[in-house]
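Structural overview for review
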Amino acid sequence: MTDIGKTLQNARNEKHYTLDDLQQITKIQKRYLIAIEENNFDALPGDFYVRAFIRQYADTVGIKADKLLSELDEQTGKKKVEETEEEPTEAKTRTEAVRRQQQSSTPSQVSQSFDKFMHYLPTIIIVGVVVIIIGSIYFVVAGNKKEANQAASSTNVSISSDVSSSKKSSKKESSSEEVSSSSSKKESSSSSESSKSSKGQKITNTAVSGSRFTYSLTSPAEKNKIKFTSKGGSAWSSISVNGTANWQGTLQNGASHTVTLPEGTTSFNISLGNSNVTNITINGKKFDFLKENSTLTVRQITVNVANE
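Every chain's residues receive numbers from 1 upward, in the order its sequence appears when written. Selection of residues for local features in this predicted model requires a pLDDT of at least 70, selection of side-chain atom pairs for listing and counting requires 80 or more, and totals for whole chains, interfaces and linings are taken over all residues. As a rule here, side-chain values cover all heavy atoms of the structure and leave hydrogens and water aside.

A few words on the overall build of the protein chain. A count of helical and extended segments in the protein chain gives six helices and ten strands. Burial classes follow relative accessibility: with a 1.4 Å probe on protein chains only, a residue under 20% of its type's maximum area counts as buried, one over 50% as exposed, and anything between as partly exposed. Looking at the protein chain residue by residue over its 308 residues, the buried ones come to 24%. Should any heavy atoms of two residues lie within 4.5 Å, those residues are counted as being in contact. Across the protein chain, every contact between residues at least 6 apart in sequence was considered, and the portion connecting residues at least 24 apart equals 58%. For the protein chain, the exposed surface amounts to about 20,400 Å²; the carbon and sulfur share of it is 53%. Each helix is a run of DSSP H or I of at least 4 residues and each strand a run of E of at least 2, with the numbering of both proceeding from the N terminus. The accessible surface values rely on the Shrake-Rupley method and a 1.4 Å probe; as for residues, cover is taken only from the protein chains in view.

Here it is as structure tokens:
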């Protein structure tokens, strides 16, 4: 009768394998390998593992496993277990059951998840459409409200500007009316004063020297007014009173300027740059200075005032 354990141990030694090497190659625990070499088969988990471990051990060390397994059957007196079995029937049954359950559960779970998604899909679509509609309405209402506020503010601004402009124009009109009325009053009063005083007024030429002319003003008014008017072109004029410059400027065609002489004036000098287009009135009475050499354009006029 063959010693199974001794046969395997001798073969292992010939291969120079230690128990640790054999454990790493076969993945069989070292304690089971020792039990096989000692023919202590009861230490293994069961008959199936006894036959499987002996076969794997034998294949690793290069021995025919069938002969050893036949010897094992004769020693144990038990039926030969089918070598094609790789695991106990009970374990195989459990493994197959678990595998079937996994295979059946995986598509089922996917199907259930897809069914849930398809169930809620219409609700999701409806909610999204409602949110889009509400957002659109909100933006439209907000835009209309903004435009209405802008229109109202522009209307208020235009109304207030119209009111303010009308007020300003009315104020301007009233002020202009007041100014015109006051100026007309002043002009009427001054004209009445000058007309009263200029009735006995007389201007007489007393000397001529080239472009210099001297005149005498008798019976003047209390406040003598000299008015310059440009007709037919522009003209430069100036006037000085008692040796002090009073006014000078260029009058355009149709423009006029009036100078009121201070009280106690004894003489005043007039300079004309274009005497042919310049008219002068003293207290509303025309001063005909062109009758003394009307061909002169530039002239100097001195007027001595004889206050009575």
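To continue, consider helix α3 (residues 30-37). Along α3, the residues classified as buried are Y32, L33, A35, I36 and E37. The secondary structure elements touched by the buried residues of α3 are α1 (4-14), α2 (19-26) and α4 (47-61). Among the residues trailing α3, N39 stands out with phi positive, at a value near 60°.

For the rest of this paragraph, the subject is the packing of α3 against α4. Orientation is described by lines fitted to C-alpha atoms, with helices fitted over the stretch in contact, and by angles between N-to-C directions that extend from 0 to 180 degrees. The N-to-C vectors of α3 and α4 enclose an angle of 90°; their axes lie 11 Å apart at closest approach. Regarding the angle of α3 to α4, the classification is roughly perpendicular. For the pair formed by α3 and α4, the contact residues are Y32, L33, I36 and E37 on the first element and F53, I54 and Y57 on the second. Here the angle decides the label: under 35 degrees means roughly parallel, over 145 means roughly antiparallel, 65 to 115 means roughly perpendicular, and every other value means oblique.

With that out of the way, let us pick up the sheet that holds strand β8 (residues 278-282). Being paired, for any two strands, means DSSP has found at least two bridges between them. Taken in spatial order, the four strands make up an open sheet running β6-β3-β8-β9, and their pairing is antiparallel. Every other strand in the sheet has two partners, leaving β6 (256-260) and β9 (285-286) as the edge strands with one partner each. Where strand β3 (residues 225-230) lies against β6, five bridges are found, and the strand directions are antiparallel. Its bridge partner lying in β6, F228 is registered against H257.

With that out of the way, let us pick up the pairing of strand β7 (residues 267-272). The side chains of a regular strand alternate between both faces of the sheet. As judged from the five bridges shared by strand β4 (residues 235-241) and β7, these two strands associate in the antiparallel manner. Of the residues in β7, the one forming a bridge with S238 is S271. Of the strand pairs in this sheet, β7 and strand β10 (residues 299-306) are connected by six bridges, and their pairing is antiparallel. Its bridge partner being in β10, I270 is matched across the sheet by I301.

Let us look at helix α5 (residues 65-76). Helices are assigned an expected span. That span is 1.5 Å times one less than the residue count. Its twelve residues place the ends of α5 16 Å apart at the C-alpha level, agreeing with the 16 Å of an ideal helix rising 1.5 Å per residue. What α5 keeps buried is the set A65, L68, L69, E71, L72 and D73. G77 sits one or two residues past α5 and shows a positive phi near 70°.

A few words on the environment of I239. Here I239 shows up in strand β4. Setting aside anything within four residues of it in sequence, one finds I239 in contact with I226, F228, A245, N246, W247, V259, L261, F268, N269 and I270.

Residues annotated by UniProt as "transmembrane region" (unreviewed entry) correspond here to residues 117-141. Spanning residues 117-141, this segment combines 100% helix with 0% strand, and its end C-alpha atoms are found 35 Å apart. UniProt positions are given in the numbering used here, feature names are shortened, and annotations may be inferred rather than shown by experiment.

In this description, a nonpolar core means a group of buried Ala, Val, Leu, Ile, Met, Phe, Trp, Tyr and Cys residues linked to one another through side-chain atoms lying within 4.5 Å. Of all hydrophobic cores here, the largest spans 22 residues; its most connected members are L8, I36 and I54. Looking at this core, the elements that each hand over two or more residues are α1, α2, α3, α4 and α5. For this core, the leading source of residues is α4, giving six residues. Discounting residues that sit within four places of it in the chain, L8 has contacts with I36, I54, Y57, A58, V61, I63 and L68. Listed in part, the 20 residues of the second largest apolar core include I226, W247, L272 and I282.

In this section: the packing of aromatic side chains. Here is the rule: rings of Phe, Tyr and Trp (six-membered ring for Trp) pair when centre to centre is within 6.5 Å. Planes less than 30 degrees apart are stacked, more than 60 are edge-to-face, and the remainder are tilted. Summed over all chains, the structure comprises five aromatic pairs. Pairing F48 with Y49 gives two aromatic rings, centres 5.4 Å apart and planes at 80°, and the pair type is edge-to-face. With a centroid separation of 5.7 Å and an interplanar angle of 70°, the aromatic rings of Y138 and F139 are classed as edge-to-face. Per residue, the accessibility class of Y138 equals that of F139, and both read exposed.

Each pair of packed helices can be described by the angle between their axes along with the distance between the axes. Look at α2 against α3: their axes get within 9 Å of each other, and the N-to-C directions meet at 115°. One finds that α2 runs roughly perpendicular with respect to α3. α2 and α3 meet at a crossing whose hand is right-handed. Seen from α2, the contacting residues are L19, D20, L22, Q23 and T26; seen from α3, they are K30, L33, I34 and E37. Under the convention adopted here, Pro, Cys and the residues Ala, Val, Leu, Ile, Met, Phe, Trp and Tyr are nonpolar, Asp, Glu, Lys and Arg are charged, and Gly plus all remaining residues are polar. Taken together, the residues of the contact of α2 with α3 break down into four nonpolar, two polar and three charged. Take the far helix as your reference; a near helix turned counterclockwise from it by less than a right angle gives a left-handed crossing, and one turned clockwise gives a right-handed crossing.

The next thing to look at is a nonpolar patch on the surface. On the surface, F114, F117, M118, Y120 and I124 cluster together into a nonpolar patch covering about 540 Å² of accessible area. As for its position among the elements, M118 is in helix α6 (residues 89-197). The patches reported here contain residues having more than 30% relative accessible area and no salt bridge. Joining distances are 9 Å for like charges and 5 Å for nonpolar side chains (Val, Leu, Ile, Met, Phe, Trp, Tyr). Any carboxyl oxygen of Asp or Glu within 4 Å of a side-chain nitrogen of Lys or Arg constitutes a salt bridge here.

Okay, the confidence of the model for the protein chain next. Predictor confidence is given residue by residue as pLDDT, running from a minimum of 0 to a maximum of 100. Summing up the model confidence of the protein chain, the mean pLDDT is 78 and the portion of residues at 70 or higher is 71%. Across residues 79-91, confidence stays below pLDDT 50; counting only partners more than four residues off in sequence or on other chains, it has 15 contacts. Of the regions scoring below 50 in pLDDT, residues 157-161 engages in zero contacts with residues more than four places distant in sequence or in other chains.

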